[in-house]
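Chain and residue survey
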Amino acid sequence: VLVEGRGEVLLIRLLGEHDLATAPLVRKSLEDAVRDSSVVVSLDDAEFVDSTVLGALFSAADAARRLGRPLVLHLGTAPIVRRIAELTGLTDVIPCFANLEAAIGAAREAP
Amino acid sequence: VSDAQLEPFHTDFQTTRHAPAEARHALERYARTIEPSLLDDLKLVTSELVTNSVLHSGRPDKSIRLDLTLSDGVLKIEVVDCGKGCDVLVPRSTWPPSGLAVVSRIADRWSYQKSHSFHVRCEFDVGTDRLIHRESQTW
């Protein structure tokens, strides 16, 4: 999990494979991030994500919503990540962007 | 190519949080000639099933077994743990999705069986063209 500051937006990149072994770290990183910032989570460098990671994303998006802060996803291009996103309807529950700058722009502009 | 076959594949994993990744990596090594999109689906399903075994078997002292077989165009994945399983196993369709919800949307059929151990099986109807990835044949 790589965290970068992009102005007032925190960009959280999930690098490599994420599953049961890393879901607690992902969950904690996202919880900490949404407490203070608008957040973009990039899955562009993710090689795998499973249902436990989607659960962490969902919890963070829910927490962000309650705090009135945006959390958006940069979906990226890895076919296996796109596959689970499509199967589960991820794009219906969290705003998703194919382009990183568009995702950061959306996080910045959101009320 | 017409005699495209996959040898049966069996392996065991310790019941730890690293078992899902170990199972995916074992699949990648075993099934390197499989069409990439089918391999992705097998990895997603296997990872979720092994994850469920790690989370719910309640037997960290016992290993988890993964079996993969191909017969008559049907690829079967079976994950076996030494737990009692659940009374009723139903894919949760609301968010966040359960592992079994992911499995049920990918596999053509799935089932589970309780005895002294807990078995979850998935079947994929595959043609031989999906088992041999064209680009791999030059290797």
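This text gives an overview of the structure that appears in the document. Everything numeric in this text was worked out from a predicted model, so none of it was measured.

Observations regarding the interface of chain B and chain A
As a measure of interface size, the accessible area lost when the parts come together is often cited. Listed by partner, the interface residues are 23 residues for chain B and 22 residues for chain A. Interface area, chain B with chain A, both sides summed: about 1,900 Å², of which 64% is carbon and sulfur. Between chain B and chain A we count three salt bridges in total. One salt bridge connects Asp-19 of chain A with Arg-24 of chain B, and the closest N-O pair in it is separated by 2.9 Å. Taken together, the connections running from chain B to chain A amount to eight residue pairs in polar contact (both at pLDDT 80 or more). Of all the secondary structure elements, the ones that give two or more residues to the side of chain B that touches chain A are α1 (19-30), α2 (36-56) and α3 (99-106) of chain B. Top element by residues in the side of chain B that touches chain A is α2 of chain B. It accounts for nine residues.

Focus on the sheet that holds strand β2 (residues 9-13) of chain A
Residue and element names in this part refer to chain A. With mixed pairing, five strands are arranged side by side in an open sheet as β1-β2-β4-β6-β7. Sheet topology places β1 (2-6) and β7 (96-97) at the edges, where each strand pairs with a single neighbour. Across five bridges, the pairing between β1 and β2 is antiparallel. Across the sheet, Arg-6 pairs through a bridge with Val-9, a residue of β2. Along the sheet, helix α5 (residues 100-109) contacts β1, β2, β4 (38-42), β6 (71-74) and β7; its crossing angle with β4, the most-contacted strand, is approximately 160°.

Digging into the pattern of salt bridges
On inspection of all chains with the given rule, the structure shows 19 salt bridges over all chains. The partner of Arg-59 of chain B in a salt bridge is Asp-61 of chain B, and the shortest N-O contact between them spans 2.9 Å. Using a relative accessible area of 31% as the deciding quantity, one classes Arg-59 of chain B as partly exposed. When salt bridges that share partners are traced, they join Glu-4, Arg-6, Arg-13, Asp-45 and Glu-101 of chain A into one network.

Here we look at the packing of α2 of chain B against α3 of chain B
All names here are of chain B. With their axes 9 Å apart at the nearest point, α2 and α3 run at an angle of 150° to one another. Our classification of the angle between α2 and α3 gives roughly antiparallel. Judged by the sense of rotation from one axis to the other, the crossing of α2 with α3 is left-handed. Along the contact surface, α2 presents Asp-41, Leu-44, Val-45, Glu-48, Leu-49 and Asn-52, while α3 presents Gly-99, Leu-100, Val-102, Val-103 and Ile-106. The class makeup of the residues in the contact of α2 with α3 is seven nonpolar, two polar and two charged.

Things to note about unusual backbone geometry
Residue and element names in this part refer to chain B. Here Trp-95 and Pro-96 are connected by a cis peptide whose omega angle stands at -5°. Tracing the chain through its elements places Pro-96 in the loop between β3 (74-81) and α3. Of note, Asp-72 is a non-glycine position whose phi angle comes to about 50°, a positive value. Mapping Asp-72 onto the fold places it in the loop between β2 (63-71) and β3. The exposure class of Asp-72 is exposed, given its relative accessible area of 77%.

Some details on the environment of Val-34 of chain A
Residue and element names in this part refer to chain A. The topology assignment puts Val-34 in helix α1 (residues 23-36). Classification of Val-34 by relative accessible area gives buried; the value is 2%. Sequence-wise, Val-34 and Arg-65 are 31 residues apart; in three dimensions their C-alpha atoms are separated by 9.3 Å. Not counting residues up to four positions away in its chain, the partners in contact with Val-34 are Val-39, Ala-60, Ala-63, Ala-64, Leu-67, Arg-69 and Leu-71.

Digging into the pairing of β4 of chain A
Residues and elements named next belong to chain A. Of all five residues that make up β4, five are buried, and the element is covered over most of its length. Across the two faces of β4 the burial is the same, with Ser-38, Val-40 and Ser-42 and Val-39 and Val-41 all buried. Where β2 lies against β4, five bridges are found, and the strand directions are parallel. Each residue of the ladder has a partner; that of Ile-12, found in β4, is Val-41. Sheet topology note: the β4/β6 ladder contains four bridges and is parallel. Considered in β6, the bridge of Ser-42 is made with His-74.

Thresholds, definitions, all that
Residues numbered from 1 in each chain as written. Chains lettered and ligands numbered in written order. Predicted model: local features only at pLDDT ≥ 70, side-chain atom pairs only at ≥ 80, totals over all residues. Heavy atoms only, no water. Contact = heavy atoms within 4.5 Å. Buried area = accessible area lost by both parts, 1.4 Å probe. Salt bridge = Lys/Arg side-chain N within 4 Å of Asp/Glu carboxyl O. Polar contact = N/O pair within 3.5 Å; in protein donor to acceptor, adjacent residues only side chain to side chain. Helix = DSSP H or I, 4+ residues; strand = E, 2+ residues; numbered from the N terminus. Pairing = 2+ DSSP bridges. Axes fitted to C-alpha atoms, helices over the stretch in contact; angles between N-to-C directions. Buried < 20%, exposed > 50% of the residue type's maximum accessible area, 1.4 Å probe, protein only. Parallel < 35°, antiparallel > 145°, perpendicular 65-115°, else oblique. Left-handed = near helix turned anticlockwise from the far one by under 90°. Nonpolar A, V, L, I, M, F, W, Y, C, P; charged D, E, K, R; others polar.

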